[in-house]
Amino acid sequence: MSTDEIRAIELLSRVSYGRVAMSMRAMPFVAPARHIVADGRVLLRLHRGLGYHRACNGSVVAYGADNFSSGSANLWSVQFTGTAEIVEPTAEELAEFGAEPELVDGEPFDPVYMRIEPQFVTVHALDYASETPGTRPAPHSVRRHLHHVA
């Protein structure tokens, strides 16, 4: 794994939720999801009742997370793009996800788990810590092709 890929995984582990982007009926769609990183892959927990997992399963999706609402002077965003598949998580992975919500849109939460096999990772970092009045630093963007992670 490259340094940039390791950095993306480290950043993703700092937050618990992100957004999965997929295509539903030939239209782009974005949905919130809880995530963990296991064996270099992103594992998502979604609510089965919304049906988003059906659109993701076997398809190429993008999963992104960020710290934009953190108040930090060092903002970042990561995106993992790859094929998603429905999986049964291990006991250790379930424990890492932590507590489940009781309700989603007023319905009892019914979890479904998706694993993304990343093919591309994108890291964007916006550093305002060194900002001088009237200037903004240019965002640093890195995009790398991931090799298959065993």
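For the structure, check the block above.
Residues numbered from 1 in each chain as written. Predicted model: local features only at pLDDT ≥ 70, side-chain atom pairs only at ≥ 80, totals over all residues. Heavy atoms only, no water.

Peer 1: Explain the pairing of strand β1 (residues 17-24) to me, and be specific about the residues and the numbers.
Peer 2: Successive residues of a regular strand alternate their side chains across the two faces of the sheet. For β1 and strand β2 (residues 27-38), the ladder comprises eight bridges, and the chain directions are antiparallel. Note on β2: the bridge partner recorded for Arg19 is Pro32. Counting the residues in the hairpin turn of β1 and β2 gives two residues, including Arg25, whose phi is positive at 55°. Two elements, β1 and strand β4 (residues 60-66), share three bridges in a ladder whose sense is antiparallel. In the strand pairing of β4, Ala21 is matched with Ala62. (Pairing = 2+ DSSP bridges. Helix = DSSP H or I, 4+ residues; strand = E, 2+ residues; numbered from the N terminus.)

Peer 1: Before we move on, can you summarise the environment of Phe80 with the specific residues and values?
Peer 2: In this fold, Phe80 is placed in strand β5 (residues 74-87). Judged by relative accessible area, Phe80 falls into the buried class, the value being 2%. Taking the C-alpha atoms as reference points, Phe80 and Val123, 43 residues apart in sequence, are found 9.1 Å from one another. With residues near it in sequence (within four places) discarded, Phe80 still touches Ala8, Ile9, Leu12, Val42, Val61, Ala62, Tyr63, Pro118, Phe120 and Val121. (Buried < 20%, exposed > 50% of the residue type's maximum accessible area, 1.4 Å probe, protein only. Contact = heavy atoms within 4.5 Å.)

Peer 1: I'd like a description of the packing of aromatic side chains, backed by residues and values.
Peer 2: If you walk through the whole model with that rule in mind, you get two aromatic pairs. Each ring, one from Phe29 and one from Tyr52, has its centre 4.9 Å from the other, and the planes form 50°; the classification is tilted. Here Phe29 is found in strand β2, whereas its partner Tyr52 is found in helix α2 (residues 52-56), with 23 residues between them in sequence. Aromatic pair Phe97 and Tyr113: ring centres 5.3 Å apart, planes at 55°, arrangement tilted. Residue Phe97 is found in helix α3 (residues 91-97), and its partner Tyr113 is found in strand β8 (residues 111-127); the two are separated by 16 residues along the sequence. Looking at Phe97, the relative accessible area reads 2%, which means it is buried. (Phe/Tyr/Trp six-rings, centres within 6.5 Å; stacked < 30°, edge-to-face > 60°.)

Peer 1: Go over helix α1 (residues 3-12) with me, naming the residues and quoting the values.
Peer 2: What α1 keeps buried is the set Glu5, Ala8, Ile9, Leu11 and Leu12. For α1, the angular spread of the buried residues around the axis is 160°, confining them to a single face. (Arc of directions from axis to C-beta.)

Peer 1: Help me get a handle on the pattern of salt bridges, residues and values and all.
Peer 2: All told, the structure shown has six salt bridges when counted by the stated rule. Glu10 is paired through a salt bridge with Arg7; the nearest N and O atoms lie 2.9 Å apart. Placement of both Glu10 and Arg7 in helix α1 is noted, with a separation of three residues, approximately one turn of the helix. Note on Glu10: relative accessible area 31%, which makes it partly exposed. Accessibility expressed as a relative area gives 40% for Arg7, which makes it partly exposed. We note a salt bridge from Arg115 to Glu93, for which the minimum N-O separation is 3.3 Å. Taken as a pair, Arg115 in strand β8 and Glu93 in helix α3 lie far apart in primary sequence, 22 residues in all. Residue classification places Glu93 among the buried positions, given a relative accessible area of 8%. When salt bridges with common partners are traced through the structure, they connect Arg7, Glu10 and Arg14 into a single cluster. (Salt bridge = Lys/Arg side-chain N within 4 Å of Asp/Glu carboxyl O.)

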